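Listed below, chain by chain, are the residues.
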Amino acid sequence: MNIAMEQLSNPVTPTWDLEKIFTGGSSSEAFRSFLDQLEEDLSSLNEGLKGAEAPKHAEDTGRFDDMIEGMQSASRRILEASGFVECLTAQDQHDKKAVQLESKVTALRAKYETVMTLFQNILQMTEDSVWEAWMARPEISPISFVLSEKRHAAKEKLSPDLESLVSDLAVDGYHGWGQHYDTIVAKVGVPYTDDKGETVTLSVGQAANKLDDPDRSVRDTTFRKWEEAWGGVADYAADTLNRLAGFRLKVYDKRGWEDVLKEPLDINRMSRETLDTMWQVIEESKPIFVSYLERKAKLLGLEKLNWSDVDAPLGEVTGKITYDEAAAEIVKQFRNFSPKLADFAVQAFNEGWIEAEDRPGKRPGGFCTSLPVSKETRIFMTFGGTVSNMATLAHELGHAYHQYLMDELPQFNQDYAMNVAETASTFAEMIVADALVRNAASEKEKISLLADKIQSGIAFFMNIHARFLFETRFYEKRKQGLLEASELCTLMEEAQREAFRGALGEYHPHFWASKLHFYITGVPFYNFPYTFGYLFSTGIYALAAREGAGFADKYDALLMDTGRMTVEELAAKHLNADLKKPDFWREAVSVVVEDVKLFLELTK
C-alpha cells in the first residue's frame, strides 16, 4: 500500500490527552468543582421553574430567555462531564473513582431531566396563539423546531411530578443496571496462548481484535474461549438485561405507549414507515449477500462460514498497518474529498484527541464523545494494525467532524440523533475504503480490500438486523416475565439465523451478553439507527460521486441541519428524496450490491 505522510506529527501519538480537559483524571479537583457548580445551577433552574406559569401573552415569553439559555448551558456541561467520565472508564476498567464519578454525573443528568420536565410542562400549557408568537421571536426561532418537539413530547408523557420521580428512581435503578455492564465486563478475561506457548489473559478489547486474526485457528480458538468466558457471566448479564427492559416497559405502560419502538423512533426523529421501508429493501437484497458469504467460505476452504469467519480477512491482505500509516492514509483520502475534513483530522491526530493504544485494561469497542464546553472531541479504540482498525478510526473521525461543524450552533440544535450521527462516520469510512480498493497494488489486494469494504454491508444488513430482531422479540417476551440466560441465547441464535438467511455454520448465542449496545440506557434499541446511518450515508456518497468536488459544502450544510429537523425533512431538503418510499433505499443498497458483483466476478 502506497502511503504518504501529510502534515502530521511524526510519530503520531496513539494516546489521548485528557489533562487539558480536567487535570488529574478521576482525582481531578477541577472536575469536582465543575460538577458542584453544575449542581448548584441546576438547583437554581429547578427553583425558578417550579413556580413559573405558562405565558399568557406573547410579550410574556421574554422572561423565559434566561432560563432557556441556562438549560442550554447545563446541557453543554452535562455532555462535557459525561464525555470526560466515559473516557476515564474506557481507558481503565479498574478505575473505581471514575465509576463513582459516573454515578455522580448520572445523578446530575437526572436533575437536568427534572428541570426539562418542568420546562416542557410550561411549553405544553402555552396556548397555541401565544406559542406561535413565541416561536416567531428572532431570539427563539433558530431553536423553534427543538422547542416544538419538546412541547409535543410533554403531551405524551406523565405529569411533571411523576416524570421527575421516574428520573430520580432511574439513577440507581435503570441507569444503575446499565452501568452494571461495566462491572461485568471488567471481570471477563479471555485466555490466549501466545507465540511462545505462554497463556495470558486478554481483556475483552484485546480478545475482540483476535477474532479478526487472519489465522483461522487463532480466530476459532479465541471465539470458543470468548463464548465460554461470556457464558461464565451470562446469569449476571441476563439479570441486568431483564431489569433494564422491565424498567423501560413499566414506564411505557404508565405513559400508555404500546409500541416498544415508539421511544427509539421519536429519539431518532423518524417514522415507523421509514424504518419498515428500509428493512423491506434490505430483505429484498439479501440473496446476493448470501452469495457473497458462500463465495467467501469457498475462498477460505470452508463449507460454511462460522460466526468468527464472517469478518475474517481474505488472502494476503496488506500486512500490518502502523498507526502512523493509518493516520496518513486517512488524512490523504479525506483531503481528496474536503480539505476542511482533512485539516480537522490532522488537528485530532496532532492534539491528542485519540486513544488507540493496544494495552490491557481498556474497554472493548470504539466511540467518539463530544466535549462541547472545550469544543473538542475524544476518540477511543484499540488499534491492532489491521485495515478494519483503520476503517474504525476513519469512522470515529467522521463522528468528530460532525460535532466540529455543530460547535457554533445553539446547544439545543446540536442534539442530533444516533441515526444521523452515523451518517458522517460511515461516509468518512467509505471515503477511505473506496480509495483503498481503487489504489490496490494487485488483484489479490483488491479482492481482500473489497471484501473488507463489503463487510460493512454484511454488518449493517445482517448483524445489526439480527440485533434488531432479537431486541424487539426479547421486549415482547419480557412483557410476560423474566427470561433466563438460556432463553436469551436461543432468541439470539434464532435472530442470527434469520438475519443471515442460514448462511453460517455456527452462530454466537452469547452475543447479547457481550454487546455493550444492549445495555446503553441513553438510547433504547441501539441497533437500527446504525443501519439507517449506513444506508443514508451510502445514498449521500452516491450523490457526492455524481456531483464531484462541489458537493463538500452541501455535505457540511446537511450535517449542520441534523439537529433541527426530522430525517424525512432532511432528505427532502438536501437530497430531494422521500425516505418513506423504497427508491432512495434501493439506490443506496445498489452501491453495495455493485461491490458484491465485482467481488464475485473477480473471484469466480
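See the structure printed just above.
Conventions adopted
Residues numbered from 1 in each chain as written. Predicted model: local features only at pLDDT ≥ 70, side-chain atom pairs only at ≥ 80, totals over all residues. Heavy atoms only, no water. Helix = DSSP H or I, 4+ residues; strand = E, 2+ residues; numbered from the N terminus. Rg over C-alpha atoms; globule rule 2.2 N^0.38 Å. Buried < 20%, exposed > 50% of the residue type's maximum accessible area, 1.4 Å probe, protein only. Contact = heavy atoms within 4.5 Å. 1 Å grid on protein atoms, 1.4 Å probe; cavity = no way out; pocket = protein on both sides within 12 Å on 5 of 7 lines; lining within 4 Å. Points joined across faces, edges and corners; volume = space filled by probe spheres on them. Nonpolar A, V, L, I, M, F, W, Y, C, P; charged D, E, K, R; others polar. Axes fitted to C-alpha atoms, helices over the stretch in contact; angles between N-to-C directions. Parallel < 35°, antiparallel > 145°, perpendicular 65-115°, else oblique. Left-handed = near helix turned anticlockwise from the far one by under 90°. Pairing = 2+ DSSP bridges. Polar contact = N/O pair within 3.5 Å; in protein donor to acceptor, adjacent residues only side chain to side chain. Salt bridge = Lys/Arg side-chain N within 4 Å of Asp/Glu carboxyl O.

Novice: In this structure, what is going on with the overall build of the protein chain? I would like to understand it.
Specialist: Within the protein chain, the regular secondary structure consists of 23 helices and seven strands. Taken against the 2.2 N^0.38 rule, which gives 25 Å for 604 residues, the C-alpha radius of gyration of the protein chain at 24 Å falls within 12% of a compact globule. Each of the three principal axes of the protein chain carries a C-alpha extent, and together these read 75 × 55 × 50 Å. Put simply, the protein chain has 604 residues, and 58% of those count as buried. Long-range pairs, those at least 24 residues apart, make up 77% of the contacts in the protein chain with a sequence separation of at least 6.

Novice: Can you help me understand empty space enclosed by the protein in this one?
Specialist: Remark: the empty space left among the atoms is shown by a probe the size of a water molecule rolled over them. Scanning the entire structure with this criterion turns up two cavities of 30 Å³ or more. Of the volumes computed, that of the largest cavity is approximately 70 Å³. Taken together, V387, M390, A391, E429, V432, A433, L436, L449, D452 and K453 make up the full set of residues lining the largest cavity. Mapped onto the lining of the largest cavity, the elements with two or more residues apiece are α15 (387-406), α16 (418-438) and α17 (443-478). When residues in the lining of the largest cavity are grouped by element, the largest group, four residues, is from α16. Its residues assigned to classes, the lining of the largest cavity shows seven nonpolar, no polar and three charged.

Novice: Can you walk me through the packing of helix α13 (residues 323-337) against α15 in this structure?
Specialist: Axis angle and axis distance: for two packed helices, these are the angle between their axes and the distance between the axes, and together they describe the pair. The N-to-C vectors of α13 and α15 enclose an angle of 50°; their axes lie 10 Å apart at closest approach. In terms of axis orientation, α13 runs oblique to α15. Seen along the crossing, α13 lies across α15 with a hand that is right-handed. Packed against α13, whose contacting residues are Y323, A326, E329, I330 and F334, the element α15 presents M390, L393, A394 and L397 at the interface.

Novice: Looking at this model, I keep getting lost on the layout of surface pockets. Mind explaining?
Specialist: Counted as a void, the second largest pocket has a volume near 270 Å³. In terms of lining, the second largest pocket is formed by 14 residues, of which the most central are N336, F337, Y541, A544 and A545. Elements supplying a minimum of two residues to the lining of the second largest pocket: α13, α16 and α20 (528-547). When residues in the lining of the second largest pocket are grouped by element, the largest group, five residues, is from α16. Residues belonging to the lining of the second largest pocket are distributed by class as follows: nine nonpolar, three polar and two charged.

Novice: What is the right way to look at the sheet that holds strand β6 (residues 376-380) in this model?
Specialist: Within a sheet, adjacent strands bond to each other through the backbone by hydrogen bonds, running parallel or antiparallel. Within the open sheet, the three strands sit side by side as β4-β6-β5. Their pairing is mixed. Of all strands in the sheet, those bounded by a partner on one side alone are β4 (354-355) and β5 (367-371). Where β5 lies against β6, five bridges are found, and the strand directions are antiparallel. In the sheet register, T369 faces β6, and the bridge partner there is R378.

Novice: Hey, could you run me through the environment of H574 in this one?
Specialist: Within the secondary structure, H574 sits in helix α22 (residues 567-575). Taking the relative accessible area as the measure of exposure, H574 reaches 23% and is therefore partly exposed. When the C-alpha positions of H574 and T472 are compared, they lie 32 Å apart, and in sequence the two are 102 residues distant. If we ignore the near neighbours within four places in the chain, the residues touching H574 are K554, A557, L558 and D561. At 2.8 Å, the side chain of H574 forms a polar contact with the side chain of D561.

Novice: Hey, could you run me through the side chain of T382 in this one?
Specialist: Structurally, T382 can be placed in the loop between β6 and α15. Classification of T382 as buried rests on a relative accessible area of 10%. T382 has contacts with N209, A356, E357, D358, K362, G365 and N389, leaving out every residue within four places of it along the chain.

Novice: Is there a simple way to think about unusual backbone geometry in this case?
Specialist: One can expect most non-glycine residues to show negative phi and most peptide bonds to be in trans. Cis geometry is found at the peptide bond from N10 to P11, where omega equals 0°. With respect to the helices, strands and loops of the structure, P11 is situated in the segment before α1 (29-50). Positive phi, close to 50°, is recorded for R269, a residue that is not glycine. The backbone phi angle of N576 is positive, close to 55°, even though this residue is not glycine. If you trace the backbone, N576 turns up in the loop between α22 and α23 (582-603).

Novice: Where do I start with the pairing of strand β1 (residues 190-193) in this structure?
Specialist: Successive side chains on a regular strand alternate, one facing one side of the sheet and the next facing the other. Side-chain alternation along β1 places V190 and Y192 on a buried face and P191 and T193 on a face that remains uncovered. Taking the residues that link successive antiparallel strands as the turn, the β1-strand β2 (residues 199-202) hairpin has five residues, and the phi of G197 there is positive, at about 85°.

Novice: I'm lost on the pattern of salt bridges in this one. Help?
Specialist: Pairing of side chains with opposite charge becomes possible as their charged atoms draw close. Scanning the entire structure with this criterion turns up 41 salt bridges. Salt-bridge contacts for E498 lead to R473; the nearest nitrogen and oxygen are separated by 2.7 Å. Of the two residues, E498 sits in helix α18 (residues 485-499) while R473 sits in helix α17, which places them 25 residues apart along the sequence. You can call E498 partly exposed: its relative accessible area is 39%. Put simply, R497 and E493 hold a salt bridge, and the shortest N to O gap is 2.9 Å.

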